[in-house]
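Tertiary structure, described
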Amino acid sequence: MRTRLNSLFIAFLNVAASTQKLGINLIRVAILVIFVWIGGLKFWNYEAEGIVPFVANSPFMSFFYTKSAPEYKEYKLKEGEFNEAKHKWHEENNTYGFSRGLGILIMGIGILTFLGIFSSKIGLAGAGLAIIMTLGTLSFLVTTPEVWVPDLGSGEHGFPLLTGAGRLVIKDTAILAGAIVVLSDSAKKVLAQLKK
């Protein structure tokens, strides 16, 4: 009985060990789905309005907006809410224009990363850009006050208590790890091609 269990376990290990290529390609597919979906959402007003706290507080991106960072708090909208005056402010702020441009960039990175299945050089570029983008997203944990629970009297606030916005950002650690795996795989393939 024990020998049979050992044989089954060894068989399982052999199957699991042979799935590395599949796993790496599934990471590429996952990045494609996430980036194309999230990038596509950037064309909807509610999503554009939702990223304003991140962009307005970022030293790397705030210049894309025409209004000053503290001012955005007066013009926040709930997802799906419409307010004519606030909508006009977002139009003047370039909220929607920036979001659409960002959406195109995000979708492009997802597509390039996915194409690494067929072209290691394209995949290398996509994975590199995905790493840069996720590091930029993770920087919001430092620059955006809204990622931490505010002090509203409960005694539960600040680090490490993430808000919904913070939980949205922290998931990029997994995307970063996946992009590094894909980058490594693409780099190995490019090196092999150069040695030929």
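Within each chain, residues carry numbers counting from 1 in the order of the written sequence. A pLDDT threshold of at least 70 governs which residues receive local features in this predicted model, and a stricter bar of 80 or more applies before side-chain atom pairs are shown or counted, although totals over entire chains, interfaces and linings include all residues. Hydrogens and water are ignored here; the side-chain numbers use all heavy atoms of the structure.

A closer look at the overall build of the protein chain
Heads up, the rule is: Per the convention used, a helix needs a DSSP run of H or I reaching at least four residues, while a strand needs a run of E reaching at least two, with both numbered from the N terminus. Our radius of gyration looks at C-alpha atoms and nothing else; its globule reference is 2.2 Å times the residue count to the power 0.38. Contacts are assigned to residue pairs that have any heavy atoms within 4.5 Å of one another.
Within the protein chain, the secondary structure is distributed over 10 helices and zero strands. Traced from its N-terminal end to its C-terminal end, the protein chain shows the element sequence α-α-α-α-α-α-α-α-α-α. In terms of overall size, the protein chain is more extended than a compact globule, its C-alpha atoms giving a radius of gyration of 21 Å where 196 residues would be expected to give roughly 16 Å. If you line up the protein chain on its principal axes, its C-alpha atoms span 70 × 45 × 25 Å. When contacts within the protein chain are restricted to residue pairs at least 6 apart in sequence, those whose partners lie at least 24 apart make up 65%.

Focus: the UniProt feature "transmembrane region" (unreviewed entry) in the protein chain
Our working definition: UniProt positions are given in the numbering used here, feature names are shortened, and annotations may be inferred rather than shown by experiment.
Per the UniProt record, "transmembrane region" (unreviewed entry) is annotated on residues 27–44, 98–118 and 124–142. Taken as a whole, residues 27–44 contains 83% helix and 0% strand, while its terminal C-alpha atoms sit 26 Å from one another. From the first C-alpha to the last, residues 124–142 spans 28 Å; its make-up is 95% helix and 0% strand.

Things to note about helix H7 (residues 120–138)
So the rule is basically this: What a helix is expected to span follows from its residue count: subtract one and scale by 1.5 Å. Buried, partly exposed and exposed residues are distinguished by accessible area as a fraction of the type maximum, computed with a 1.4 Å probe on protein chains only: under 20%, between the cut-offs, and over 50%, respectively.
The terminal C-alpha atoms of H7, which comprises 19 residues, lie 26 Å apart, in line with the 27 Å expected from a rise of 1.5 Å per residue. Among all positions in H7, only Ser120, Gly123, Gly126, Ala127, Gly128, Ala130, Ile131, Met133, Thr134, Thr137 and Leu138 are buried. Of the surrounding elements, those touching the buried residues of H7 are helix H2 (20–41), helix H6 (95–114), helix H8 (140–143), helix H9 (164–170) and helix H10 (172–195).

Looking at the packing of aromatic side chains
Cut-off, in case you're wondering: Pairs were defined over the aromatic rings of Phe, Tyr and Trp, the Trp ring being its six-membered one, requiring ring centres within 6.5 Å. Orientation was assigned from the angle between planes: stacked under 30 degrees, edge-to-face over 60, tilted for the rest.
In the structure shown here, the tally under the stated rule is eight aromatic pairs. Seen from their ring centres, phenylalanine 64 and phenylalanine 98 are 4.8 Å apart, and the 35° between their planes marks the pair as tilted. In this pair, phenylalanine 64 is assigned in the loop between helix H4 (52–57) and helix H5 (84–93) and phenylalanine 98 in helix H6, connecting sequence segments 34 residues apart. A relative accessible area of 8% places phenylalanine 98 in the buried class. Every member of this aromatic cluster is reached through a ring pair, and the members are Phe63, Phe64, Tyr65 and Phe98.

Observations regarding the pattern of salt bridges
When the charged atoms of two side chains with opposite charge come close together, those side chains can pair. For clarity, the threshold we go by: In the sections that follow, a salt bridge refers to a side-chain nitrogen of Lys or Arg positioned within 4 Å of a carboxyl oxygen of Asp or Glu.
Tallying each qualifying case throughout the model produces seven salt bridges. Residue lysine 171 pairs with aspartate 172 through a salt bridge whose shortest N-O separation is 2.1 Å. Taking the relative accessible area as the measure of exposure, lysine 171 reaches 35% and is therefore partly exposed. In this structure aspartate 172 comes out as buried when scored by relative accessible area, which is 2%. Linking aspartate 185 and lysine 189 is a salt bridge whose minimum nitrogen-to-oxygen distance equals 3.3 Å. Here the residue aspartate 185 and the residue lysine 189 both occupy positions in helix H10, the gap between them amounting to four residues, near one helical turn. Assessed through its relative accessible area of 15%, aspartate 185 is described here as buried.

Regarding the packing of H2 against H6
For the record, the criterion: Angles here are taken between N-to-C directions and fall from 0 to 180 degrees, while the axes themselves are lines fitted to C-alpha atoms, restricted in helices to the stretch in contact. For classification, angles of less than 35 degrees are called roughly parallel, those exceeding 145 degrees roughly antiparallel, those between 65 and 115 degrees roughly perpendicular, and all remaining angles oblique. By definition, any crossing whose near helix is turned counterclockwise from its far helix by less than a right angle is left-handed, and any crossing with a clockwise turn is right-handed. Lys, Arg, Asp and Glu make up the charged group, whereas Ala, Val, Leu, Ile, Met, Phe, Trp, Tyr, Cys and Pro make up the nonpolar group; the residues left over, Gly among them, are polar.
As a packed pair, H2 and H6 sit with axes 8 Å apart at the nearest point and diverge in direction by 165°. Comparing the axis directions of H2 and H6 gives the class roughly antiparallel. Viewed along their axes, H2 and H6 form a crossing whose handedness is left-handed. Of H6, the residues touching H2 (which contributes Arg28, Val29, Ile31, Leu32, Phe35, Val36, Gly39 and Gly40) are Gly103, Ile106, Met107, Ile109, Gly110, Ile111, Thr113 and Phe114. The residue inventory of the contact of H2 with H6, partitioned by class, reads 10 nonpolar, five polar and one charged.

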